[in-house]
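Per-entry structural report
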Amino acid sequence: MSSAPLSDPSLTADDAPIATTCPYCGVGCGVLAKPRGPESADIKGDPEHPSNFGRLCSKGSSLGETLSLETRLLYPEITGRRVSWDEALGTVADTLRRTIDTHGPDSVAFYVSGQLLTEDYYVANKLMKGFIGSGNIDTNSRLCMSSTVAAQKRAFGEDVVPGCYEDLELADLVVLVGSNAAWCHPVLFQRLVAAKRENPRLKIVNIDPRRTATSQSADLHLPIRPGTDVVLFNGLLNYLRQDDRIDFAFLENHLGRYAEAFENARKTAPSLPAVARICGIPEEDLASFYQWFARTEKVVTAWSQGVNQSSSGTDKVNSIINVHLATGRIGKPGMGPFSLTGQPNAMGGREVGGLANQLAAHLDIENPEHRALVQEYWNAPRMLDKSGLKAVELFQAIAEGRIKAVWIMATNPAVSLPDANAVRDALRRCEFVVVSECESGTDLGAYAHVNLPALAWGEKDGTVTNSERRISRQRAFLTVPGEAKPDWWIVSRVAQRMGYDEGFCYRSAWEIFLEHARLSGLQNGGKRVFDISGLAELDRAGYDALRPIQWPVNGRYPNGASRLFDAGGFSSISRRAEMVPVVPKAPANPPDAAYPLVLNTGRIRDQWHTMTRTGKTARLTNHVPEPYAELNPRDAARFAIQDGTLVRLESRFGQALVRARVSKDQQPGSVFVPMHWSGPYASKGLINALVNPATDPMSGEPESKHTPLRIAPYRPAWHGFLLSREPLDAIEVEYRVTIRGDGHWLYELAHSESPSDWPVWMRGLFAHPSGSRESASAEPVPGREEWLEFADIHSGRYRCARLLGGRLQFCAFIDRSFELPPRSWLAGLFALDEVPDRARMSLLAGKPASAEDDQGRIVCSCFGVGINTLKRAIQKQNLSTTEQIGAALKAGTNCGSCIPELKSLLQG
Ligand SMILES: Nc1nc2c(c(=O)[nH]1)N[C@H]1C(S)=C(S)[C@@H](COP(=O)(O)OP(=O)(O)OC[C@H]3O[C@@H](n4cnc5c(=O)[nH]c(N)nc54)[C@H](O)[C@@H]3O)O[C@H]1N2
Ligand SMILES: Nc1nc2c(c(=O)[nH]1)N[C@H]1C(S)=C(S)[C@@H](COP(=O)(O)OP(=O)(O)OC[C@H]3O[C@@H](n4cnc5c(=O)[nH]c(N)nc54)[C@H](O)[C@@H]3O)O[C@H]1N2
Ligand code: SF4
Ligand SMILES: [Mo]
């Protein structure tokens, strides 16, 4: 890594950049950051970081634009009142203490996150499990990776990812299961695509019920029926045996149970035709996949949430691991089962034991020796004696009043948990809710009695572990804003005030890291692969300068290890792995006559979860500005839904209003909706209000990809959009989406009733009592105010624009139909100091005098290249490759995240 001065937040713009790690996905890219002014930074990929070698995706490259303090939580608050840290810490400590004294340790809970740093996580886990004495600390990783954790434990005896990123480049076949890596692990995906360019033998297979940007780059896409992965992989296991591909020497030397798995595969997935029928895919395609897998030695199977977030998620993972164990393709270059971790530190959380059913350092709660070991090490007064409640159960316990106080850190469960309305009810009823956050105004913050301001990315300091077990430093490069504090500090100071002074007198993240590293080596002797005792003697400078390193780091592997288990040596007592016989099961709630469709949820390229950070920059909101439901043309016809209209989605749990996208990428019967939209950005876009709280019986992971659903057109009295230079406070309509633009705000609206007088309604938006920021600024009007207006009562059409001194301040387009002028050209006018005459003439027409002026929806976020510009260039300049597009327009030449889309544009 760079030799930059480390962890010195007083850096000035002239200094060398600081090497840190991206706070978004589990790829864990290295970032070089250099502050530019108080609330922004220059961001570049770190060429020396082994995860990304200098690349960044669209989210990573926009990090510098998400640092504004405008919406940050900067001071502690109790019921909305700013208080001192002393009062806030005292209140939290006293209330937790009192609740525990009265109702016992299990009456309190922590709900934490894979977005905490390892050091933060370690301290929170220590306080709950060793001092409060309860297992009630669970994490959003429960919604994310817990099925993989459970499956790896079953198979290997420990939660270990055996391989590394390089394996995807060295493989001749990469199978991506339930993963849209092109959008969700973009830099790793770009590495894979680059490897494929170098090695034409390398094939990619994508297994996903819908066609995604990932499928577009694959040689074969298997659009299986949702939830049928176990049949598919049991079928593969059976095929491998029939095709004589089993590595019996590996099985004999390194496995315990395996015969039953073969027998089970034969029974549950007897033949190609049977599997093809159950999975709903063409037999030839299935045969190709099985043949490729059988005949290719170097295979990596990588999976993510299409596998984990299922009521049979653990079984799905084991069915994948089984085929790798059976062929001995594990831990060798270019081979292995590979779990793609979601969050930047989901792995670190697992290392410290952040899940309710883990201890710390991969030790087991059920094992009395392990408990005693940790208790002694921590000098802990009150060790837990059993696992705690898992996320979904934990919030149910809050609803039932069994948990009376909850502390939520770095996660937004009011948006991200299934059955989100029930979660909100639970929080409303809870006697004491503490929230540690960086942002104010999140959906969750509204339920908090105490809001605690945490340091954000760029300010905090510690370590994270990525998908390939690589520990990297996050380093501070910004000065601390307001009174925000590191999460480890907040937890430790509360612990001290609860009377646990000695165990929590930490002064730095470094001290915590050393304690964690030492524990991992305690009575280990190779029994647990997770061992970073080789880092336990780092001095402060060594910790600050720590280069990215893959655990284990110990006497045997002083420089870390890329691959594990190639020669067995698993973590079970017998040192043998297991092939688990897994029986295919239908999803927990199948569709029925009342709810005939399946709701599938997931991610889009440029948003991160509940949008608290990525929603802040126009560069990222432009790609997909509105929440949507994608459905097959057959379902659209069946339910009378037209592309681009609004639709009402309904499950047994809740409702949402989103825009319809009709596309053959979606298989009939299945509807995809992104998970991201929350209160600040959409009035009814909260998709988790609909998602069923069914969970995997083993891992407790929610089935976020499968809820019975119905869909109907929503026919409002009017549709419209507003563009405004200043944010507008309250727009009381049924459908509202707020989109941050470059120098403006865009509001997409619809409502069931029309106001009696549009001009009055529009002007009312500026006179709102809570005060729009424009009127609040009370600056003298910078010039003459003009209103341009057009109204046609007959057709229900109303359009207006407001200019101040010739500068466009606001415009609105209202219609009975959903077909309105494109937003992009109008939005572009907000960049001008004066609307030129030519544009003024056509302003209320909503489109430029010349079509060339409208570049359309942004496809390449890095260079702001729109879809119309691309289409025109492809046609006029006869472009046929993404490289040619790059040469002509620069699109796709920075992060590469838009390349799959460019490809589909080229295909017409
Ligand atoms: N842009 C972006 N990137 C992210 C994130 C983000 O919020 N935004 N979040 C990060 C996090 S925390 C995570 S966990 C990862 C998630 O990364 P991914 O898991 O790749 O993303 P998802 O979109 O949740 O789901 C992946 C796919 O699973 C498919 N699927 C649904 N049901 C099934 C099924 O039954 N079988 C199979 N085989 N597939 C199915 C869906 O159609 C979807 O395309 O992304 C990380 N990266
Ligand atoms: N329907 C559906 N639901 C899902 C999923 C799905 O695919 N479908 N995916 C699930 C998955 S895989 C995941 S990982 C979850 C993610 O869901 P969440 O964890 O709820 O989503 P985030 O928006 O990332 O929330 C993180 C919060 O922590 C704050 N924060 C960021 N950094 C820090 C910090 O250093 N300290 C503190 N104290 N706060 C910080 C952010 O501002 C943000 O509000 O969603 C899950 N929910
Ligand atoms: S792939 Fe993108 S979001 Fe993920 S770590 Fe790298 S830059 Fe960040
Ligand atoms: Mo996740």
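Analysis parameters
Residues numbered from 1 in each chain as written. Chains lettered and ligands numbered in written order. Predicted model: local features only at pLDDT ≥ 70, side-chain atom pairs only at ≥ 80, totals over all residues. Heavy atoms only, no water. Pairing = 2+ DSSP bridges. Helix = DSSP H or I, 4+ residues; strand = E, 2+ residues; numbered from the N terminus. Axes fitted to C-alpha atoms, helices over the stretch in contact; angles between N-to-C directions. Expected span 1.5 Å × (residues − 1). Buried < 20%, exposed > 50% of the residue type's maximum accessible area, 1.4 Å probe, protein only. Arc of directions from axis to C-beta. Near = heavy atom within 4 Å. Polar contact = N/O pair within 3.5 Å; in protein donor to acceptor, adjacent residues only side chain to side chain. Areas by Shrake-Rupley, 256 points an atom, 1.4 Å probe, with all protein chains shown as cover. Nonpolar A, V, L, I, M, F, W, Y, C, P; charged D, E, K, R; others polar. Domains from an automatic or database assignment. 1 Å grid on protein atoms, 1.4 Å probe; cavity = no way out; pocket = protein on both sides within 12 Å on 5 of 7 lines; lining within 4 Å. Points joined across faces, edges and corners; volume = space filled by probe spheres on them. Contact = heavy atoms within 4.5 Å. Parallel < 35°, antiparallel > 145°, perpendicular 65-115°, else oblique. Left-handed = near helix turned anticlockwise from the far one by under 90°.

1. Overview of the sheet that holds strand β1 (residues 18-21)
Working definition: the strands of a sheet are paired by backbone hydrogen bonds and lie parallel or antiparallel to each other. Taken together, the three strands give an open sheet; going across it, the order is β1-β2-β3, and neighbouring strands pair in antiparallel fashion. In this open sheet, the two edge strands, each paired with only one partner strand, are β1 and β3 (41-45). Taken pair by pair, the neighbouring strands of this sheet meet at an average axis angle of 35 degrees, ignoring direction.

2. Some thoughts on helix α13 (residues 283-295)
Given a rise of 1.5 Å per residue, 13 residues ought to cover 18 Å, and the 18 Å separating the end C-alpha atoms of α13 matches this to within 8%. Along α13, the positions that sit buried rather than exposed are Leu286, Ala287, Phe289, Tyr290, Phe293 and Ala294. An end-on view of α13 places all buried positions within 160 degrees of arc, on one side of the element. In α13, those exposed residues whose orientation departs by more than 90 degrees from the buried face are Glu284 and Arg295.

3. As for the site of ligand 2
By nearness alone, 30 residues border ligand 2, and Gln115, Ser416, Glu437, Lys460 and Thr610 come closest of all. At 3.5 Å, a backbone N or O of Leu455 approaches an oxygen atom of ligand 2. Separating an oxygen atom of ligand 2 from a side-chain N or O atom of His609 is a distance of 2.9 Å. For ligand 2, whose unbound accessible area comes to 920 Å², protein coverage reaches 99%. Of the residues assigned to the shell around ligand 2, the class counts are nine nonpolar, 15 polar and six charged. Mapped onto the domain boundaries, the shell around ligand 2 takes at least three residues apiece from domain 2 (77-143 + 345-509) and domain 4 (597-713).

4. With respect to the pairing of strand β16 (residues 462-465)
Where burial is concerned, the two faces of β16 agree: the one with Gly462 and Val464 and the one with Thr463 and Thr465 are both buried. Of the pairings in the sheet, the one linking β16 to strand β17 (residues 470-474) comprises four bridges and is antiparallel in character. Bridged to Gly462 within β17 is Gln474. From the end of β16 to the start of β17, which pair antiparallel, there are four residues, and Arg469 there has a positive phi angle of about 65 degrees.

5. A few points about the site of ligand 3
Neighbouring residues of ligand 3: Cys22, Tyr24, Cys25, Gly28, Cys29, Leu56, Cys57, Lys59, Gly60, Pro186 and Val187. The set of elements that each furnish at least two residues to the shell around ligand 3 consists of α1 (58-61) and α7 (186-198). Taken together, the residues that form the shell around ligand 3 break down as eight nonpolar, two polar and one charged.

6. As for empty space enclosed by the protein
Under the criterion given, the structure shown has six cavities of 30 Å³ or more. The volume enclosed by the second largest cavity comes to roughly 90 Å³. The wall of the second largest cavity is formed by 13 residues, among which Cys22, Cys25, Cys29, Cys57 and Val187 lie closest to the centre. Here the residues of the lining of the second largest cavity are counted per class, giving nine nonpolar, three polar and one charged.

7. Thoughts on the environment of Leu870
One can find Leu870 in helix α30 (residues 867-876). Separated by 35 residues in the primary sequence, Leu870 and Leu905 place their C-alpha atoms 8.1 Å from one another. Excluding its chain neighbours within four sequence positions, the residues that come into contact with Leu870 are Val859, Val865, Ile885, Leu889, Ala891, Leu902 and Leu905.

8. Quick look at the packing of helix α9 (residues 229-242) against helix α11 (residues 259-268)
Each pair of packed helices gets described by two things: the angle between the helix axes and the distance between those axes. Between α9 and α11, the shortest axis-to-axis distance is 8 Å and the interhelical angle comes to 110 degrees. Looking at the two axes, α9 sits roughly perpendicular to α11. α11 is crossed by α9, and the crossing has left-handed handedness. Side by side, α9 and α11 meet where Asn234, Leu237, Asn238 and Arg241 of the first sit next to Ala261, Phe262, Asn264, Ala265, Arg266 and Thr268 of the second.

9. Details of the sheet that holds strand β26 (residues 735-740)
The strand order across the open sheet built from six strands is β26-β27-β25-β30-β29-β28, with neighbouring strands paired in antiparallel fashion. The strands lining the two open edges of the sheet, one partner per strand, are β26 and β28 (785-792). Geometrically, the sheet is characterised by an average inter-axis angle of 10 degrees between neighbouring strands, direction not taken into account. Where strand β29 (residues 797-804) meets strand β30 (residues 807-815), seven bridges bridge the pair, whose relative direction is antiparallel. Paired with Tyr798 across the strands is Ile814, a residue of β30.

10. Focus: the domain arrangement of the protein
The domains assigned to the protein are domain 1 (4-65), domain 2 (77-143 + 345-509), domain 3 (146-339), domain 4 (597-713), domain 5 (718-770 + 781-853) and domain 6 (858-906). Between domain 2 and domain 5, the C-alpha centre-to-centre distance is 45 Å.

11. Overview of helix α22 (residues 509-521)
For α22, with 13 residues, the first-to-last C-alpha span of 19 Å sits near the 18 Å given by 1.5 Å per residue. Burial of α22 is extensive: ten of the 13 residues sit out of reach of the surface. Turning to α22, its buried residues number three or more, namely Ala509, Glu511, Ile512, Phe513, Leu514, Glu515, His516, Ala517, Leu519 and Ser520. Residues of α22 that are buried sit in contact with α3 (118-132), α16 (346-351), α17 (368-378), β16, α21 (487-497) and α23 (540-544). Remark: Gln523 follows α22 within two positions and exhibits a positive phi of approximately 40 degrees.

12. Comments concerning the layout of surface pockets
In this model, the second largest pocket occupies a volume close to 740 Å³. Contributing to the lining of the second largest pocket are 32 residues, with Lys153, Gly157, His362, Asp364 and His370 lying nearest its centre. Counting residues per element, the lining of the second largest pocket draws most heavily on helix α4 (residues 146-156), at five residues. Domain assignment of the residues forming the lining of the second largest pocket places at least three in each of domain 2 (77-143 + 345-509) and domain 3 (146-339).

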